[in-house]
Amino acid sequence: MLIQDKQQRNWKPIIKQFEAVVGKNGVVQRREELITYECDGLTSYRQRPAVVVLPRTTEQVAEVVKICDRNSIPFIARGAGTGLSGGALAVENCVLIVTSLMRQILNVDLDNQRVVVQPGVINNWVTQAVSGAGFYYAPDPSSQIICSIGGNVAENSGGVHCLKYGVTTNHVLGLKLVLPDGSIVDVGGQIPEMPGYDLTGIFVGSEGTLGIATEITLRILKSAESICVLLADFTNIEAAGASVSDIISAGIIPGGMEIMDNLSINAVEDVACTNCYPRDAVAILLVEIDGLAVEVAANKQRIAEICKNNGARNITIASDPEQRLKLWKGRKAAFAAAGHVSPDYYVQDGVIPRTQLPYVLGEIEALSQKYGYRIANVFHAGDGNLHPLILYDNSIPGALEEVEEVGGEILKLCVRVGGSISGEHGIGADKKCYMPDMFTDVDLETMQLVRQAYNPKGLANPGKIFPTPRTCGEAAKAMSDAKKFEEVSRF
């Protein structure tokens with residue numbers, strides 16, 4: 001067995017080997033200190049690792065992985081811990097390899113529009129490093145001020161601008177990887193078009209099951225000549241959805257398009273206090289356009305007309321950088337704001353065709369009524385990436401099981417209308433039981449062939465992505481088991 005009971009393994013000599021690689025300060029083993037690492041952003045899953053190791057270089061990561069390989073110890077890579085699918089969740093008796101100290105920007109090449117970073121570099125730091133020269137890094141998850149590039153690569157993260165500029169995989173040129181046996185390889189390169197298999201593409205989004213990225217070559221973009229943000233408010237959410245379709249049909253591809261419903265609007269106004277979002281609106285639509293000044297000037301008028309034709313009450317237009325940021329502030333704070341209106345929330349990450357938006361939103365509302373839980377809807381409307389936040393109180397027995405069931409119904413609904421169970425949060429431990437709803441057995445077996453080729457011993461992030469004999473509702477069971485463990489540990 002890969003995973004043994006902690007008492008059955010003699011950790012002292014193994015910890016000494018880790019300390020020889022990263023130093024004593026680079027190893028966390030005290031039980032109370034390990035609490036920090038028992039979950040990621042999906043806090044309903046909790047499992048404390050046996051040991052945490054904090055390397056600073058590729059060579060240190062490789063040596064740590066070799067120790068795990070020799071001793072058949074499962075290991076999980078973890079960045080900033082902001083993931084929302086349990087992708088960095090520890091398993092019993094594992095080593096957590098945390099890359100948060102690997103935060104150097106190794107090279108900035110403005111002439112060729114690329115930057116090389118370590119995985120612990122925070123997403124927003126990349127743009128900060130090059131903005132003075134008129135460049136930026138396009139993928140911008142809502143957690144971009146705290147999430148790290150390594151985690152973005154693992155989950156293939158997106159953000160509000162993925163409609164026009166794509167997700168992380170569209171901006172990764174090359175990777176230095178430590179494979180599960182500790183060997184170091186380079187995939188991709190310094191240019192977008194490389195011959196041979198697209199190993200970079202295979203790795204991005206693999207959620208740590210194929211190895212650990214220790215250096216990442218990113219593509220940066222030249223800042224647009226002109227940027228404008230429009231905020232339109234509506235008396236029904238279907239009209240906001242129709243505006244999205246009409247804008248795309250008009251041949252306009254905005255940098256981003258976001259919809260928020262009334263529950264989300266009031267939550268962010270309570271917390272972020274932007275005074276930009278009308279509290280009585282049923283929905284708001286945020287549209288950002290960028291490009292040449294003449295192009296932006298023409299398109300903002302066309303977008304305003306489209307929104308008004310679909311019943312928009314008011315339209316706010318902001319071109320000043322400070323005002324643009326103010327309009328986006330609420331959207332970026334939406335997840336955090338939900339925590340102020342409910343003790344707990346469970347967020348999902350499904351994708352649907354834009355044309356199915358009115359139908360799916362109606363079905364989500366029906367699920368809300370059926371189960372009796374409020375659902376706040378925030379989504380990347382342009383590419384159909386939904387983020388329904390199911391509000392609940394985890395102190396109520398059985399509540400977590402019910403909201404997991406609601407979340408599962410939403411994901412199955414997305415698949416039924418031709419969508420996906422994840423747009424940017426990944427599968428992790430949370431959604432693996434829904435993979436058969438989207439893929440056939442042959443599909444899943446083919447994916448496993450890739451995993452086994454890279455990770456034949458199954459040591460790298462076991463128990464993630466692919467379904468196991470356990471059923472859905474694993475978070476609730478894990479939470480229950482964790483509580484029992486805590487009670488036993490007190491004596």
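Residues numbered from 1 in each chain as written. Predicted model: local features only at pLDDT ≥ 70, side-chain atom pairs only at ≥ 80, totals over all residues. Heavy atoms only, no water.

Asks: What is the right way to read helix H16 (residues 441–454) from this model?
Replies: For an α-helix, the turn length of 3.6 residues means that residues three or four places apart are oriented alike. Over its 14 residues, H16 extends 20 Å from the first C-alpha to the last, a length consistent with the 20 Å expected when each residue adds 1.5 Å. Inspection of H16 places Leu444, Arg451 and Tyr454 among the buried residues, and these make up the whole buried set. One side of H16 holds all its buried residues, which, seen down the axis, span an arc of 75 degrees. The exposed set on the far side of H16, more than 90 degrees from its buried face, consists of Asp441, Val442, Glu445, Leu449 and Ala453. Residues of H16 that are buried in the fold lie against helix H7 (199–203) and helix H15 (435–438). (Helix = DSSP H or I, 4+ residues; strand = E, 2+ residues; numbered from the N terminus. Expected span 1.5 Å × (residues − 1). Buried < 20%, exposed > 50% of the residue type's maximum accessible area, 1.4 Å probe, protein only. Arc of directions from axis to C-beta. Contact = heavy atoms within 4.5 Å.)

Asks: When you look at the packing of aromatic side chains in this model, what are you seeing that I'm missing?
Replies: Within a pair of aromatic rings, the relevant descriptors are the distance that separates the centres and the angle that separates the planes. For the structure shown, the criterion picks out one aromatic pair. Taken together, a centroid distance of 6.4 Å and an interplanar angle of 90 degrees make the contact between Tyr136 and Tyr165 edge-to-face. Taken together, the positions of Tyr136 in strand S7 (residues 135–136) and Tyr165 in helix H6 (residues 162–165) put the pair 29 residues apart, joining distant regions of the chain. The ring of Trp11 carries Arg9 above its face, with NZ or CZ at 5.4 Å from the centroid. Across the ring face of Phe135, the terminal group of Lys222 is positioned such that the distance to the ring centre comes to 4.6 Å. (Phe/Tyr/Trp six-rings, centres within 6.5 Å; stacked < 30°, edge-to-face > 60°. Lys NZ or Arg CZ within 6 Å of the ring centre and 35° of its normal.)

Asks: Please clarify how the UniProt feature "domain: FAD-binding PCMH-type" (unreviewed entry) in the chain should be interpreted in this entry.
Replies: Here, the residues flagged by UniProt with the feature "domain: FAD-binding PCMH-type" (unreviewed entry) are residues 45–223. In the segment residues 45–223, helix accounts for 21% and strand for 25%; the C-alpha atoms at its two ends are 40 Å apart. (UniProt positions renumbered as here; feature names shortened; annotations may be inferred.)

Asks: Where do I start with the pattern of salt bridges in this structure?
Replies: Oppositely charged side chains can pair when the atoms bearing their charge come close. Scanning the entire structure with this criterion turns up 14 salt bridges. As a salt-bridge pair, Asp290 and Lys164 come within 2.7 Å of each other at their nearest N and O atoms. Here Lys164 lies in helix H6 and Asp290 lies in strand S14 (residues 283–291), a separation of 126 residues in the sequence. Notably, a salt bridge pairs Asp233 with Arg313, separated by 2.6 Å at the nearest N-O pair. In this pair, Asp233 is assigned in strand S12 (residues 226–234) and Arg313 in the loop between helix H10 (293–309) and strand S15 (314–318), connecting sequence segments 80 residues apart. Each of the salt bridges in this network shares a partner with another, and the network as a whole consists of Glu38, Arg46 and Arg48. (Salt bridge = Lys/Arg side-chain N within 4 Å of Asp/Glu carboxyl O.)

Asks: Explain the environment of Leu199 to me, please; I cannot follow it from the model alone.
Replies: Position of Leu199 among the secondary structure elements: in helix H7. Judged by its relative accessible area of 32%, Leu199 is partly exposed. It is 24 Å that separates the C-alpha atoms of Leu199 and Ile122, two residues lying 77 residues apart in sequence. Excluding anything up to four places from it in sequence, Leu199 contacts Val187 and Tyr454.

Asks: Just checking my understanding: could you explain the side chain of Arg48 for this structure?
Replies: Locating Arg48 in the fold gives a position in the loop between helix H2 (31–34) and strand S2 (51–53). On the accessibility criterion, Arg48 (14% relative accessible area) is buried. A polar atom in the side chain of Arg48 sits 3.5 Å from the side chain of Glu38. (Polar contact = N/O pair within 3.5 Å; in protein donor to acceptor, adjacent residues only side chain to side chain.)

Asks: What is the right way to look at a nonpolar patch on the surface in this model?
Replies: Among the surface-exposed residues, Ile105, Val108, Leu110 and Trp125 lie close enough to one another that they form a single nonpolar patch of about 280 Å² accessible area. For Val108, the position within the fold is in strand S5 (residues 105–109). (Patch = residues over 30% accessible without salt bridge, like charges linked within 9 Å, V, L, I, M, F, W, Y side chains within 5 Å. Areas by Shrake-Rupley, 256 points an atom, 1.4 Å probe, with all protein chains shown as cover.)

Asks: How do you make sense of the sheet that holds strand S8 (residues 172–178) when you look at a structure like this?
Replies: Hydrogen bonding along the main chain pairs the strands of a sheet, whether they run parallel or antiparallel. Strand order in the open sheet made by the five strands is S5-S6-S10-S8-S9, with antiparallel pairing throughout. The open sheet has two free edges, formed respectively by S5 and strand S9 (184–188), since each of these has just one partner strand. Taken pair by pair, the neighbouring strands of this sheet meet at an average axis angle of 15 degrees, ignoring direction. Pairing between strand S6 (residues 114–117) and strand S10 (residues 212–219): four bridges, direction antiparallel. (Pairing = 2+ DSSP bridges. Axes fitted to C-alpha atoms, helices over the stretch in contact; angles between N-to-C directions.)

Asks: Is there a simple way to think about the packing of helix H13 (residues 357–371) against helix H14 (residues 399–416) in this case?
Replies: Two quantities define a packed helix pair, namely the angle between the axes and the distance from one axis to the other. Contact geometry for H13 and H14: axes closest at 11 Å, N-to-C directions at 160 degrees. Considering the angle they form, H13 stands roughly antiparallel to H14. In the crossing of H13 with H14, the sense of the turn from one axis to the other is right-handed. Taking contact as the criterion, the partners of Tyr359, Val360, Glu363, Ile364, Leu367 and Tyr371 in H13 are, on H14, Glu402, Glu405, Val406, Glu409, Ile410 and Leu413. Looking at the contact of H13 with H14 residue by residue, the class counts come to eight nonpolar, no polar and four charged. (Parallel < 35°, antiparallel > 145°, perpendicular 65-115°, else oblique. Left-handed = near helix turned anticlockwise from the far one by under 90°. Nonpolar A, V, L, I, M, F, W, Y, C, P; charged D, E, K, R; others polar.)

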